[in-house]
Amino acid sequence: MSASAPQPLRIGILGAARITERALIAPARTGGHRLVAVAARDRDRAEAFAAAHGVERTHGSYAELLTDPEVEVVYNPLANGLHGPWNLAALAAGKHVLTEKPSASNAGEAREVREAAGTVFMEAFHYLFHPVTRRLHELLASGELGALRHAEAVVAIPAPEDGDPRWSLALAGGALMDLGCYGLHALRMLAPWAGGAPRVAAARAGERAGAPGVDEWLDADVEFPGGATGTARCHMAYGRLEMSLRIVGSRGEATAPNFVLPQLDDRVVVRTADGERTEQLGTRSSYAYQLEAFAERVRRGTPLPLSAEDAVETMGVIDACYTAAGLSPRPRTTL
């Protein structure tokens, strides 16, 4: 290995979640990082996962993985309600943490994570690292779209099975936690062109049948200090997958048909007085860009656009949406 090439990350995985293969395994292989260990509640499941994905060894518990001296980075893809407790445990063990979103069950728990974050901590809003999102921001920064007037984010999927933890209030489930956090985060990232961060003006939600307090869908309206408005809609029992972001300015508008998973649709459609054009920004995985940026932060100290503080701000907006919609913020999970 050349002197200029950084050492590969040594990664430990909490659980054997389905998202891990595309969110971590594939980009880790591409980037040459080591998958040191995996732990799951069922040791047999951990063994099968390790064999299938080339993980070096397994541990019998999450706590045991955190004591492994070779693990320096912990990836946390557990159920939402387990993000906060195990993020805190990993940070207490001195590990760097890449956690699936949202980072905690509510803003209070997110603040605890922020206070504990003495190592590199990042919430996995991978979309932010892809050229599709960067291009949307460039179109605002260049002035081509004019002043920001409105933004609309829609993140919706067909329904998971009834027993899925995303339908569990105790595990901090709900459409907003699993999907709407992307839309709200994308609106928050428009603050540089909107006079500051948005505030929640109103929200509406529908509860999942048989799951009191768990939102099947939620729509939120936000207002920016500069006068622009925004909407973030999410639905976890929709007829199809939709993950679009539309930005409207005084001179034109731009739409990303799938800003969350741009590797599936890398288009940005721009409409101005000069006409309409479609730009294609590449189908390299947003997760690959994310892990690359995380590794650069750990190895070289390169700044990241996401931090424990950013996670607190996002959870504050999520809690405000639940309150405005007449639902309660998610309860924290006690291990």
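For the structure itself, look to the data block above.
Criteria and cut-off values
- Residues numbered from 1 in each chain as written.
- Predicted model: local features only at pLDDT ≥ 70, side-chain atom pairs only at ≥ 80, totals over all residues.
- Heavy atoms only, no water.
- Core = buried A, V, L, I, M, F, W, Y, C linked by side-chain atoms within 4.5 Å.
- Buried < 20%, exposed > 50% of the residue type's maximum accessible area, 1.4 Å probe, protein only.
- Helix = DSSP H or I, 4+ residues; strand = E, 2+ residues; numbered from the N terminus.
- Contact = heavy atoms within 4.5 Å.
- Pairing = 2+ DSSP bridges.
- Axes fitted to C-alpha atoms, helices over the stretch in contact; angles between N-to-C directions.
- Phe/Tyr/Trp six-rings, centres within 6.5 Å; stacked < 30°, edge-to-face > 60°.
- Lys NZ or Arg CZ within 6 Å of the ring centre and 35° of its normal.

Chemist: Before we move on, can you summarise the nonpolar core with the specific residues and values?
Modeler: Core analysis: the biggest nonpolar cluster contains 91 residues, and Ile11, Ile13, Leu218 and Phe259 have the highest contact counts within it. The dominant element in this core, judged by the number of residues it contributes, is helix α7 (residues 175-188), at nine residues. Not counting residues within four places of it along the chain, the set of residues in contact with isoleucine 13 comprises Thr20, Leu24, Ile25, Leu35, Ala37, Val38, Ala39, Phe49, Val55, Leu65 and Tyr75. Counting 19 residues, the second largest nonpolar core, distinct from the first, contains Val36, Ala39, Val71 and Leu82.

Chemist: Explain the pairing of strand β13 (residues 267-272) residue by residue, including any values.
Modeler: One ladder, built from four bridges, connects strand β12 (residues 252-256) with β13; its direction is antiparallel. Each residue of the ladder has a partner; that of glycine 252, found in β13, is threonine 272. Two strands pair when backbone bridges link them, and β13 and strand β14 (residues 275-280) are joined in this way by six bridges, in the antiparallel orientation. What sits directly across from threonine 272, in β14, is glycine 275. Connecting β13 to the next strand, β14, in antiparallel fashion are two residues.

Chemist: Explain the sheet that holds strand β7 (residues 148-156) to me, and be specific about the residues and the numbers.
Modeler: Taken together, eight strands build an open sheet; the order of strands is β8-β9-β10-β7-β11-β12-β13-β14 and the sheet is mixed. Each end of this open sheet is capped by a strand with a single partner; those strands are β8 (199-208) and β14. Averaged over all pairs of adjacent strands, the angle between their axes in this sheet comes to 15°, without regard to strand direction. Set on the sheet, α7 makes contact with β7, β9 (211-223), β10 (229-235) and β11 (242-249); between it and β10 the angle comes to about 160°.

Chemist: Give me the lowdown on the sheet that holds strand β3 (residues 57-59), citing residues and values where you can.
Modeler: Pairing in this open sheet of six strands is parallel, and the strands run β3-β2-β1-β4-β5-β6 from one edge to the other. Of all strands in the sheet, those with a lone pairing partner are β3 and β6 (121-123), marking the two edges. The sheet shows a mean angle of 20° between the axes of neighbouring strands, direction not considered. Examined bridge by bridge, strand β2 (residues 34-39) and β3 share three bridges and lie parallel to one another. Looking at the pairing, valine 38 lines up with threonine 58 of β3. Relative to the sheet, helix α8 (residues 286-300) contacts β1 (10-14), β4 (73-76), β5 (96-99) and β6, its axis offset from that of β5 by approximately 165°.

Chemist: An account of unusual backbone geometry is needed here, citing residue identities and associated values.
Modeler: The omega torsion across lysine 101 and proline 102 is -15°, close enough to zero to call that bond cis. Here proline 102 shows up in the loop between β5 and α5 (107-116). Backbone geometry at alanine 172 places phi at a positive 60°, although glycine is not the residue there. One can find alanine 172 in the loop between β7 and α7. Take alanine 172: its relative accessible area is 0%, and that puts it in the buried class.

Chemist: Describe the packing of aromatic side chains, listing the residues and the values that go with them.
Modeler: By the definition in use, this model includes five aromatic pairs. With centroids separated by 5.3 Å and ring planes inclined at 85°, the aromatic side chains of tyrosine 62 and tryptophan 86 adopt a geometry described as edge-to-face. Within this pair, whereas tyrosine 62 is found in helix α3 (residues 62-66), its partner tryptophan 86 is found in helix α4 (residues 80-92), the two being separated by 24 residues in sequence. Take tyrosine 62 and tryptophan 86: they sit in the same class, and that class is buried. Linked through ring pairs, Phe125, Tyr127, Tyr182 and Phe259 together constitute an aromatic cluster. Over the aromatic face of tyrosine 289 sits the side chain of arginine 134, whose NZ or CZ is 6.0 Å from the ring centroid. Above the face of the tyrosine 289 ring, arginine 284 is positioned so that its terminal group lies 4.5 Å from the ring centre.

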